[in-house]
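Here is how the chains run, residue by residue.
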Amino acid sequence: GDNSPCGEASGRGSCQNVVISDSPVGTQFPFSGIDDRENWPTVFYNRTCQCQGNFMGYHCGECRYGYTGPNCTERRNVIRKEIFRMTTAEKDKFIAYLNLAKRTISPDYVISTGTYEQMNNGSNPMFADINVYDLFVWLHYYASRDAFLEDGSVWANIDFAHEAPGFLPWHRFFLLLWEREIQKVAGDEDFTIPFWDWRDA
């Protein structure tokens, strides 16, 4: 927003140490120190922006969901439609935006292409650009993939994105972030992802 780290110059936020929970992970995960996702995100970085007020984003340069305007003070309501109630034009636009996201490299995010151990404790960085659509495929995979064990095997006894208390809030944030990135790619602040009422499926 103001070309300063975390928008500090305009009071949008400040750079702070990442604070992680010291609570135990629970008996369902009987390992410690073997997965990059443990104590996330400190294996990759330990400083981040702490945004103030209605500012958000990795750099505090965007408005929190539901707000707009130069100072993120104006309430903004959007309506999501059930996918079977969308017009043909709305469906066509939705598909066009997804295709555009598939062809657009994310200007803000990269993905890791190896574990921290494979990166030799960070001295051999392994990251790659990714298109906006596949970024969200990767995020979902990364959160739910099996744990890689030290002997080269995998541990698949739990999927933390789907078999844990964070299921609902994690996916809620995932969908909000995906919607925001599609809005940015398409230049359409009014775009909303449709929902599917599966009760009559």
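The rules we used
- Residues numbered from 1 in each chain as written.
- Predicted model: local features only at pLDDT ≥ 70, side-chain atom pairs only at ≥ 80, totals over all residues.
- Heavy atoms only, no water.
- UniProt positions renumbered as here; feature names shortened; annotations may be inferred.
- Helix = DSSP H or I, 4+ residues; strand = E, 2+ residues; numbered from the N terminus.
- Contact = heavy atoms within 4.5 Å.
- Areas by Shrake-Rupley, 256 points an atom, 1.4 Å probe, with all protein chains shown as cover.
- Lys, Arg positive; Asp, Glu negative; His and termini not counted.
- Charge placed at Lys NZ, Arg CZ, Asp CG, Glu CD.
- Core = buried A, V, L, I, M, F, W, Y, C linked by side-chain atoms within 4.5 Å.
- Buried < 20%, exposed > 50% of the residue type's maximum accessible area, 1.4 Å probe, protein only.
- Salt bridge = Lys/Arg side-chain N within 4 Å of Asp/Glu carboxyl O.
- Domains from an automatic or database assignment.
- Buried area = accessible area lost by both parts, 1.4 Å probe.
- Nonpolar A, V, L, I, M, F, W, Y, C, P; charged D, E, K, R; others polar.
- Disulfide = S-S within 2.5 Å.
- Expected span 1.5 Å × (residues − 1).
- Polar contact = N/O pair within 3.5 Å; in protein donor to acceptor, adjacent residues only side chain to side chain.

As named in an unreviewed UniProt entry, the protein chain is Tyrosinase, taken from Fejervarya limnocharis. Turning to the protein chain, the UniProt record has this under Subcellular location (unreviewed entry): "Melanosome membrane". Check the Sequence similarities (unreviewed entry) section of the UniProt entry for the protein chain; it says "Belongs to the tyrosinase family."

Trainee: Describe the overall build of the protein chain, listing the residues and the values that go with them.
Mentor: On a plain count of helices and strands, the protein chain comes out with 3 helices and 10 strands. Expressed along its principal axes, the backbone C-alpha trace of the protein chain runs to roughly 55 × 50 × 30 Å. Taking the contacts inside the protein chain whose residues are at least 6 apart along the sequence as the reference set, 58% of them involve residues at least 24 apart. For the protein chain, the accessible area works out to roughly 12900 Å², and carbon and sulfur atoms hold 53% of it. In the protein chain, 18 side chains carry a positive charge and 27 a negative one; their mean positions are 9 Å apart.

Trainee: Got a sec to walk through the nonpolar core? Specific residues and values, please.
Mentor: The biggest cluster of nonpolar side chains holds 21 residues, and the ones touching the most others in it are Phe136, Trp178, Ile182 and Phe191. Of all the secondary structure elements, the ones that give two or more residues to this core are α1 (88-103), α2 (132-144) and α3 (167-186). Apart from the residues within four sequence positions on either side, isoleucine 182 is in contact with Tyr97, Leu98, Ala101 and Phe191. In terms of nonpolar packing, the next biggest core, distinct from the first, is built from 8 residues, Cys6, Cys51, Phe55 and Cys72 among them.

Trainee: Could you give an account of the pattern of salt bridges, naming the residues involved and the relevant values?
Mentor: By the definition in use, this model includes 12 salt bridges. Residue lysine 102 is joined to aspartate 134 by a salt bridge in which the shortest nitrogen-to-oxygen separation is 2.6 Å. Of this pair, lysine 102 sits in helix α1 while aspartate 134 sits in helix α2, and the two are 32 residues apart along the sequence. For aspartate 134, a relative accessible area of 23% puts it in the partly exposed group. Beyond isolated ion pairs, a larger network of salt bridges with shared partners links Glu62, Asp108, Arg180, Glu181 and Lys184.

Trainee: For the domain arrangement of the protein chain, give the residues involved together with the corresponding values.
Mentor: For the protein chain, the domain assignment lists domain 1 (1-77) and domain 2 (80-200). Computed from C-alpha atoms alone, the centre-to-centre distance between domain 1 and domain 2 is 18 Å. Each side of the interface is counted separately: domain 1 has 18 residues, and domain 2 has 28 residues. Between domain 1 and domain 2 lies a buried interface of about 1900 Å² when both sides are counted; carbon and sulfur atoms form 56% of it. In this structure, the connection of domain 1 to domain 2 is made through 4 salt bridges. Partitioned by chemical class, the residues of the side of domain 1 that touches domain 2 number 11 nonpolar, 1 polar and 6 charged.

Trainee: How would you sum up the state of the cysteines? Please name residues and give values.
Mentor: By definition, a disulfide is the covalent link that joins the sulfur atoms of two cysteine residues. Overall, the coordinates contain 3 disulfides when judged by the stated rule. In this model, cysteine 63 is linked to cysteine 72 through a disulfide, with the two sulfur atoms separated by 2.1 Å. With the S-S bond torsion at -85°, the cross-link from cysteine 63 to cysteine 72 turns out left-handed. Among the residues examined, cysteine 63 registers a relative accessible area of 13% and is labelled buried. You can call cysteine 72 buried: its relative accessible area is 2%.

Trainee: Describe in detail α2, supporting the description with residues and values.
Mentor: Here α2 contains 13 residues, and its C-alpha end-to-end distance of 19 Å stays within 8% of the 18 Å for a straight helix at 1.5 Å per residue. Along α2, the positions that sit buried rather than exposed are Val132, Leu135, Phe136, Trp138, Tyr142, Ala143 and Ser144. Along its buried surface, α2 packs onto α1, β7 (105-112), β8 (127-131) and α3. Sitting at the head of α2, asparagine 131 places a side-chain oxygen 3.1 Å from the backbone nitrogen of tyrosine 133.

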